[in-house]
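One-letter residues, chain by chain:
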Amino acid sequence: MELTQADIDRVVATALAEDVGAGDRTSEALVPADARCRAQLLLEEPGVVCGVPVAAAVFRALDPSARIDARVEEGAFVSDVPAVIAEIEGPARAVLTGERVALNLVARLCGIASLTRRYVELADGTGARVLDTRKTTPGLRALEKYAVRCGGGANHRAGLYDAVLVKENHLRIAGGITAAVASLNGNGDVAVEAEPLDQVREALDAGVHRILLDNMTPEQVTEAVAVARGRAQLEASGGISLATIRSYADTGVDFISVGALTHGARSLHVSLEVE
């Protein structure tokens with residue numbers, strides 16, 4: 001899922017409308033209209049840098065003459081903090097007005113990228129790829145999935161529109177895996193959620209190319225890997241945490257999807273200091 005400038009601009013416009021409204025009363029009262037300033041965007045705790053282009057879009061939306069120079073590459077891990085990750089120069093009103101929106105977005109994206117990096121490191125060497133899910137903040141999906149990529153993870157489907165994934169409630173209405181897959185014949189590649197091992201066998205017999213193993217223990221996933229080897233890709237999902245991801249990765253599963261990458265990440269501490 002590529003992050004486009006249109007994705008960034010849409011989020012920035014909404015965030016600025018929410019925070020600024022009819023105008024920044026404080027900055028307009030205290031800061032001369034022609035005043036300019038320089039400022040530094042700082043990462044105050046160790047983590048993965050993510051979101052500087054989004055911060056740049058905030059300040060440029062307020063004044064196109066604002067200049068933002070990144071000092072650290074997106075996706076880089078910074079341990080020596082506080083670290084200057086960008087320098088800003090432009091109209092002082094634009095810098096002060098955009099400060100909080102820029103910090104909120106960068107802090108959020110750095111947090112997701114940093115948490116993703118921890119999951120990816122724990123699965124390293126197993127061959128399992130760490131995926132995100134659709135458990136994203138409404139309106140921020142494109143940005144949050146970008147942050148997952150910056151942390152070394154991979155994106156699952158972008159939304160309901162770009163892949164077929166038959167989940168438990170679909171199966172209940174459709175009449176089971178075999179009936180559901182038959183109804184989807186000719187509708188492209190199909191992925192199916194399966195929980196007990198007999199559902200995995202049914203999905204394999206139906207020709208499913210990818211099976212999501214939902215809420216299985218590592219031991220159950222190991223059994224499923226043995227049954228499905230060479231016949232379908234397997235994805236472990238459901239409540240997987242930093243404490244358990246290695247045990248799932250060691251099963252030989254192809255993918256591990258972790259909703260916590262986005263819904264469970266905390267924002268990192270970032271700040272903006274006018275020089």
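The following refers to the structure shown. Everything numeric in this text was worked out from a predicted model, so none of it was measured.

## Examining the side chain of Asp-132
If you trace the backbone, Asp-132 turns up in the loop between strand 6 (129–131) and helix 5 (141–150). Under the relative-accessibility criterion, Asp-132 is labelled buried at 0%. There is a polar contact of 2.7 Å between the side chain of Asp-132 and the side chain of Asn-155. Looking at Asp-132, its side chain comes within polar contact range of the main-chain nitrogen of His-156, at 2.8 Å. Ignoring any residue separated from it by four or fewer positions in sequence, one finds Asp-132 in contact with Lys-145, Val-148, Ala-154, Asn-155, His-156, Ser-257, Val-258 and Leu-261.

## Concerning the nonpolar core
Val-200, Ile-211 and Ile-256 are the most contacted members of the largest nonpolar core, which totals 91 residues. Per-element accounting of this core gives the leading share, 15 residues, to helix 4 (residues 92–123). Ignoring sequence-local partners within four residues, the contact set of Val-200 consists of Ala-194, Ile-211, Leu-213, Met-216 and Ala-224.

## Examining the sheet that holds strand 1 (residues 36–43)
Spatial ordering of the open sheet is given by 3-5-1-12, a layout of four strands whose pairing is antiparallel. Single-partner strands in this sheet number two, and they are strand 3 (67–70) and strand 12 (270–274). Sheet twist, expressed as the mean angle between neighbouring strand axes with direction ignored, is 20°. Sheet analysis places strand 1 next to strand 5 (residues 83–91), joined by eight bridges and oriented antiparallel. Residue pairing in the sheet places Arg-36 in a bridge with Pro-91 of strand 5. Sheet contacts for helix 3 (residues 52–62): strand 1, strand 3, strand 5 and strand 12; angle to strand 3, the most-contacted strand, approximately 170°.

## What to know about the packing of helix 1 (residues 5–20) against helix 4
Viewed as axis vectors pointing N to C, helix 1 and helix 4 meet at an angle of 130°, and their least axial separation amounts to 10 Å. Judged on the interaxial angle alone, helix 4 and helix 1 are oblique. Considering only the axes of helix 1 and helix 4, their crossing is right-handed. On the side of helix 1, the interface is formed by Val-11, Ala-15, Leu-16, Asp-19 and Val-20, while helix 4 contributes Thr-97, Arg-100, Val-101 and Leu-105.

## Description of the side chain of Glu-87
Considering the arrangement of structural elements, one finds Glu-87 in strand 5. One polar contact links Glu-87 to Arg-71, side chain to side chain, over a distance of 3.1 Å. Once you skip the residues sitting within four places of it in the chain, Glu-87 turns out to touch Arg-38, Ala-39, Gln-40, Arg-67, Ile-68, Asp-69 and Arg-71.

## Details of the pattern of salt bridges
Per the counting criterion, the structure on display carries 15 salt bridges. The residue Arg-210 makes a salt bridge to Glu-235 at a minimum N-O spacing of 3.2 Å. Of the two residues, Arg-210 is situated in strand 9 (residues 210–214) and Glu-235 in strand 10 (residues 233–237); the sequence distance between them amounts to 25 residues. Among the salt bridges present, the one from Arg-246 reaches Asp-250, with a minimum N-O distance of 3.2 Å. Here Arg-246 falls in the partly exposed class, since its relative accessible area comes to 35%. The network of salt bridges with shared partners includes Arg-36, Arg-67, Asp-69 and Glu-89.

## Overview of the pairing of strand 1
Summarising burial for strand 1: six of the eight residues are buried, a large majority. Here strand 1 runs beside strand 12; their pairing, made up of five bridges, is antiparallel. When the bridges of strand 12 are listed, Ala-39 appears paired with Val-274.

## Here's the deal with the packing of aromatic side chains
Tallying each qualifying case throughout the model produces zero aromatic pairs. The lysine or arginine in question, Arg-117, covers the ring of Phe-77, its NZ or CZ lying 4.2 Å from the ring centre. A cation over a ring is seen here: Arg-210 above Phe-255, with NZ or CZ 3.9 Å from the ring centre.

Definitions and limits used
Residues numbered from 1 in each chain as written. Predicted model: local features only at pLDDT ≥ 70, side-chain atom pairs only at ≥ 80, totals over all residues. Heavy atoms only, no water. Helix = DSSP H or I, 4+ residues; strand = E, 2+ residues; numbered from the N terminus. Buried < 20%, exposed > 50% of the residue type's maximum accessible area, 1.4 Å probe, protein only. Polar contact = N/O pair within 3.5 Å; in protein donor to acceptor, adjacent residues only side chain to side chain. Contact = heavy atoms within 4.5 Å. Core = buried A, V, L, I, M, F, W, Y, C linked by side-chain atoms within 4.5 Å. Pairing = 2+ DSSP bridges. Axes fitted to C-alpha atoms, helices over the stretch in contact; angles between N-to-C directions. Parallel < 35°, antiparallel > 145°, perpendicular 65-115°, else oblique. Left-handed = near helix turned anticlockwise from the far one by under 90°. Salt bridge = Lys/Arg side-chain N within 4 Å of Asp/Glu carboxyl O. Phe/Tyr/Trp six-rings, centres within 6.5 Å; stacked < 30°, edge-to-face > 60°. Lys NZ or Arg CZ within 6 Å of the ring centre and 35° of its normal.

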